[in-house]
Every structure is written in structure tokens, then in C-alpha cells.
Amino acid sequence: MIIVIRALRALLKFNGIFTLCVLLIAAFSGLSRAAGVHDLPLLFDARERIAKPDLSGLARLRFLTTVDFPPFNFIDQSGKLSGFHVDLVREICRELEIEAKCQIQAVTFAELQPALEGGQGEAIIAGIGISPELRQRFAFSRAFMKLPARFAANRQAMGGDLVVSALGGKPVGAVSGTTHEAMLKAFFPAFEVKSFPTRDAMLAALKGGAVAAVFSDGMQLSFWTAGNDAANCCTLLDGAYFSQRFLGEGLTIMNRKGDPALTQAIDHALLELSRKGRLNEIYLRYFPAGIY
């Protein structure tokens, strides 16, 4: 099941997401974990060992990405390629001790796969969802992050009872025809689901109190509830929901099937970054208010 990447890219068209990302990162930069920020869920077993392959014969490791997936990859205010993925690439290369051989290049989303197949890069880090068809053509690293579904609720409509269990008998919004609508109906069959044609219509209904809550992508909802458009009407409810069936396997790094040593090297680096807490540090840098 492909990650709902198209929905995430729609953030670019929603209230200037780049500006919002920058402002929120700055506003929450001093937020401590004691204030309720949830760390990145561990996807690696700390007891696991993945051997580091010999990369002495590697002439170059160029990662391909895009500029239209903030806060994962975007052009910052100084004109530089920035984001979670960019910082992660730097840490992977540092962990593998091949910083001098590492590069990162931005292309359009449509150019990613042809560029990889044509040898213009060795790996893609751009939020491409794993599908059976892609599994046949490419290799993928272990997932380093999963994007959850979350509930966002209208404070007034909930009457101060801001828990998922209080949604029984209240209308809950979702965008019609999306994986999140299907997931909501599968996970919470007793809920009264109200479908909307667009995300904008769904959020307008939430803000106006026409629905008590909505169920959607946790990353988008975290930025929206903290932004000016929400005007403090709404908040995320506790609980991050995951489903490989509906939301895919998570964010990974894609490379050619003929480079098994590279796949293993990236997995080794991701495991070490997770174990040492550096992966979580990057997450908190770009999601200081948390999405889980």
C-alpha cells in the first residue's frame, strides 16, 4: 500500500506550508519533552545487529530528493536545500564514514525513478511509498519513520472531554474516498462518519463545529491545529494510529536492486542512528510539537 504521499504534497497548496513549517519550528524550538512532546517511535530493535559492509570501493553516494515535500525536503529562506531528509542523509554519511563521497541532489518527483535507473544517483530519499510493483524493480531500506493517522477535535464541540472515547454519537469528519476515511470506518465502525469532498471543507467544518472531530494525516493535522487558520479552535486527541494496510510501510530509502551492500549499509546506519538517539534528534528538530 502506497503511503499517502500525494496528500502530504498537497500541503504546499495549503496556507503556505513552507512558511508555516519555518514558523512552527522556530516557535517550538525550546519545547521540552516534559511539555508532552512524543519521541519518534522506535522501529529498530536495540538488540539487533546489522553488519557494516565494506564501502571502500564506493566512488560516490548521491541521494536524490525533491524540493516539494516540507518539512522533509524544501528550499529554505537562504536558498539552500533543507529538511528532515537532508539532515538524515548527512547523518547516514557521517555514520558510514563516507562524508567526502556523499552528495544530495534535488530533481522533480517525476524524474526520481528515471534518474536512479539512469545512474544519476545511487539512492532516493523523497517519501516514495512502497508498492509490489516497485518492490520488483528496486530495493528499499528499513523504514525509519511512519506517518500516523490522528484525530483532531473541536474543543467546544467536545465539551472539554478531549478523548477519543467521547466521540461516540458525535459526527467525525473525513475526506471522501481517502485511505483515512476507509481506515476510520474500519477502526471505528460505530462512529458516525461525515464525509467531505476536500480537506479544506473538512477542516472548515471542524473549525465551525459542524463535526466534533476529524480523522486524517497526523502530520498535516499537527501543523494545522498549531497554525493561525485553526485560531486555537481545535486540538489533537491522544492516540496515533498506524496501519500498513491503509498507510503503507513507512518512509524508507530506495536504491537499485543490484546494490545489496548499499542497502545493508543504509540499514546499518539507520539502526545506529536510532540506537544513539540521533534519529530522534532530527525528528524533534523538524517536528518540535510532535506528530505522535
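Here is what the cut-offs are and how they apply
Residues numbered from 1 in each chain as written. Predicted model: local features only at pLDDT ≥ 70, side-chain atom pairs only at ≥ 80, totals over all residues. Heavy atoms only, no water. Helix = DSSP H or I, 4+ residues; strand = E, 2+ residues; numbered from the N terminus. Buried < 20%, exposed > 50% of the residue type's maximum accessible area, 1.4 Å probe, protein only. Contact = heavy atoms within 4.5 Å. Arc of directions from axis to C-beta. Core = buried A, V, L, I, M, F, W, Y, C linked by side-chain atoms within 4.5 Å. Disulfide = S-S within 2.5 Å. Pairing = 2+ DSSP bridges. Phe/Tyr/Trp six-rings, centres within 6.5 Å; stacked < 30°, edge-to-face > 60°. Axes fitted to C-alpha atoms, helices over the stretch in contact; angles between N-to-C directions. Parallel < 35°, antiparallel > 145°, perpendicular 65-115°, else oblique. Left-handed = near helix turned anticlockwise from the far one by under 90°. Nonpolar A, V, L, I, M, F, W, Y, C, P; charged D, E, K, R; others polar.

Some thoughts on the overall build of the protein
For the protein, the helix and strand inventory stands at 12 helices and 13 strands. Per-residue burial for the protein yields a buried fraction of 53% across its 292 residues. Pairs at least 24 apart in sequence give 78% of the contacts found in the protein among residues at least 6 apart.

Comments concerning helix α8 (residues 199-208)
All of the buried residues along α8 are Arg 199, Met 202, Leu 203, Ala 205 and Leu 206. Projected onto a plane normal to the axis of α8, the buried residues spread over an arc of 155° and lie on a single side. α8 presents Ala 204 and Gly 208 as exposed residues on the side facing more than 90 degrees away from its buried surface. For α8, the elements touching its buried residues are β8 (149-154), β9 (171-175), β10 (192-196), β11 (213-217), α9 (218-226) and β12 (234-236). Of the residues trailing α8, Gly 209 is marked for its positive phi of about 85°.

Observations concerning the nonpolar core
With 42 residues, the main nonpolar core has Phe 63, Phe 84, Leu 88, Phe 144, Met 145 and Phe 287 as its most contacted residues. Contributing elements (two or more residues each) for this core: β1 (61-65), α3 (84-96), α9, α11 (260-276) and α12 (278-286). Residues within four places of Phe 63 in sequence aside, it is in contact with Val 89, Ile 92, Cys 93, Cys 102, Gln 103, Ile 104, Gln 105, Ala 123, Ile 125, Ile 253 and Ile 266. By size, the runner-up hydrophobic cluster in this structure holds 20 residues, among which are Ala 174, Ala 212, Ala 213 and Leu 237.

Comments concerning the side chain of Ser 222
Counting through the fold element by element, Ser 222 comes out in helix α9. Judged by its relative accessible area of 10%, Ser 222 falls in the buried class. Beyond its immediate chain neighbours, meaning those up to four positions away, Ser 222 contacts Leu 236, Gly 290 and Ile 291.

Comments concerning the state of the cysteines
According to the stated counting rule, one finds two disulfides in the structure shown. Each sulfur of the disulfide joining Cys 93 and Cys 102 lies 1.8 Å from the other. Between Cys 93 and Cys 102 the disulfide shows an S-S torsion of about -90°. By sign, it is left-handed. When sorted by exposure, Cys 93 lands in the same class as Cys 102, which is buried. One disulfide in the model links Cys 233 with Cys 234; its S-S distance is 2.4 Å.

Section: the pairing of β10
Summarising the sheet, β9 and β10 pair through five bridges and their orientation is parallel. Its bridge partner being in β10, Val 175 is matched across the sheet by Phe 196.

Points about the packing of aromatic side chains
The final tally for this structure, using the stated rule, is 18 aromatic pairs. Ring geometry for Phe 151 against Phe 215: centres 4.7 Å apart, planes inclined by 55°, an arrangement best described as tilted. Highlighted residues: Phe 151 in strand β8 and Phe 215 in strand β11, separated in sequence by 64 residues. Comparing Phe 151 with Phe 215 shows no difference in burial state: the two are buried.

With respect to the sheet that holds β11
Strand order in the open sheet formed by five strands is β10-β9-β11-β8-β12, with mixed pairing between adjacent strands. Both edges of this open sheet fall to β10 and β12, since each of them pairs with a single strand only. Recorded for the sheet is a direction-independent mean angle of 30° between the axes of neighbouring strands. In terms of strand pairing, β9 meets β11 through two bridges, oriented parallel. Note that in β11 the partner of Gly 173 across the bridge is Val 214. Sitting on the sheet, α8 is in contact with β8, β9, β10, β11 and β12, with an inclination near 145° to β11.

Observations regarding the packing of α3 against α12
Their axes nearest at 10 Å, the elements α3 and α12 cross at an angle of 160°. Between α3 and α12, the angle is such that the two are roughly antiparallel. Seen along the crossing, α3 lies across α12 with a hand that is right-handed. Mapping the contact onto sequence places Phe 84, Asp 87, Leu 88, Glu 91, Arg 94 and Glu 95 in α3 and Arg 278, Leu 279, Ile 282, Tyr 283, Arg 285 and Tyr 286 in α12. Taken together, the residues of the contact of α3 with α12 sort by class into six nonpolar, no polar and six charged.

With respect to the packing of α8 against α9
α9 packs onto α8 with a crossing angle of 50° between their chain directions and a minimal axis gap of 13 Å. It follows from the interaxial angle that α8 and α9 lie oblique. Taken as a pair, α8 and α9 cross one another with a handedness that is right-handed. Here Arg 199, Leu 203, Leu 206 and Lys 207 of α8 lie close against α9, whose contacting residues are Gln 220, Leu 221 and Trp 224. Class assignment of the residues belonging to the contact of α8 with α9 gives a composition of four nonpolar, one polar and two charged.

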